[in-house]
Amino acid sequence: MNLKMNWITLRVRDLEASLHFYHGILGLPIERQFESRGRQIVMLGPEGQPKIELIQGSDPALLPECGVSVGFETESLDGTIEELKSHGIPVARGPVSPNPHLRFFYVLDPDGFEVQIAEHS
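Heads up: these notes are all about the structure in this document. (Residues numbered from 1 in each chain as written. Predicted model: local features only at pLDDT ≥ 70, side-chain atom pairs only at ≥ 80, totals over all residues. Heavy atoms only, no water.)

Overview of the side chain of Asp 111
Applied cut-off: Here a strand is any run of E in DSSP of at least two residues, a helix any run of H or I of at least four, and the numbering for each starts at the N terminus. A 3.5 Å cut-off defines polar contacts: any pair of N or O atoms within that distance qualifies, except that in protein one atom must be a possible hydrogen donor and the other a possible acceptor, and neighbouring residues in sequence count only when both atoms are side-chain atoms.
With respect to the helices and strands, Asp 111 occurs in the loop between strand 7 (102–108) and strand 8 (114–120). A distance of 3.1 Å separates a polar atom in the side chain of Asp 111 from the backbone nitrogen of Arg 13.

Here is the structure:
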């Protein structure tokens, strides 16, 4: 079996707030936006990489405390922390350095889902 990741789906309460976070602040490009069965759906992420699928809905399929997080990599952990703070997004946990080659921290998206930002050296 030869599988590759396509997308991760997040059911969000406020699509505009989530778009502001993932597209406006984190900078994920919008690949496409469409409606399906009366719900607005947005696919975000660079071409050739797995996507974040945001589905507008009032009842999230996963609760934020379920333990699922979305992870991204950055070239500068400290620079990313400062940039997020300038947008009013505080660090929820971390930074953590489990080994000399990895540092990461977590922020929360508008629905309370954990977003991990990591720097590998």
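Moving on from the model shown.
Considerations on the pattern of salt bridges
Applicable threshold: The working definition used for a salt bridge is a side-chain nitrogen of Lys or Arg within 4 Å of a carboxyl oxygen of Asp or Glu. The buried label applies to any residue whose accessible area, calculated with a 1.4 Å probe on protein chains only, is under 20% of its type's maximum; exposed applies above 50%, and partly exposed to all values in between.
Within the structure shown, the criterion is met by six salt bridges. Notably, a salt bridge pairs Asp 111 with Arg 13, separated by 3.4 Å at the nearest N-O pair. Within this pair, whereas Asp 111 is found in the loop between strand 7 and strand 8, its partner Arg 13 is found in the loop between strand 1 (7–12) and helix 1 (15–25), the two being separated by 98 residues in sequence. By relative accessible area, Arg 13 is classed as partly exposed at 47%.

Looking at the side chain of Glu 53
To keep things clear, this is the line we draw: Only four residue types enter the tally: Lys and Arg on the positive side, Asp and Glu on the negative side; His and the chain ends are excluded. We call two residues contacting when some pair of their heavy atoms lies within 4.5 Å.
With respect to the helices and strands, Glu 53 occurs in strand 4 (residues 51–56). Within the buried set, Glu 53 has no salt-bridge partner at all; the shortest N-O distance to an opposite charge, 6.7 Å, is to Arg 32. Those residues in contact with Glu 53 that lie beyond four places of it in its chain are Trp 7, Ile 8, Thr 9, Leu 10, Ile 41, Val 42 and Met 43.

Observations concerning the sheet that holds strand 6 (residues 93–99)
Here is the rule: The pairing criterion for strands is at least two bridges between them, as found by DSSP. Axis geometry follows a simple rule: fit a line to the C-alpha atoms, using only the stretch in contact for helices, then measure angles between N-to-C directions, giving values from 0 to 180 degrees.
Across the sheet, which stays open at both edges, the four strands sit in the order 5-8-7-6 with mixed pairing between neighbours. Each having just a single partner strand, strand 5 (69–73) and strand 6 make up the two edges of the open sheet. Taken over all neighbouring pairs, the strand axes of this sheet differ in orientation by 25 degrees on average, direction set aside. Across three bridges, strand 6 lies against strand 7 in antiparallel orientation. Each bridged residue has a counterpart across the sheet, and for Asn 99 the counterpart in strand 7 is Leu 102. Along the sheet face, helix 2 (residues 77–86) touches strand 6, strand 7 and strand 8 and points at about 15 degrees away from the line of strand 7.

Things to note about the sheet that holds strand 2 (residues 30–36)
The four strands are arranged 1-4-3-2 in an open sheet whose pairing can be described as mixed. Of all strands in the sheet, those bounded by a partner on one side alone are strand 1 and strand 2. Averaged over neighbouring strand pairs, the angle between their axes works out to 20 degrees when direction is ignored. Where strand 3 (residues 39–44) lies against strand 4, four bridges are found, and the strand directions are antiparallel. Within strand 4, the position partnered with Val 42 by the bridge is Leu 54. On the sheet, helix 1 packs against strand 1, strand 2, strand 3 and strand 4 and is oriented at approximately 5 degrees with respect to strand 3.

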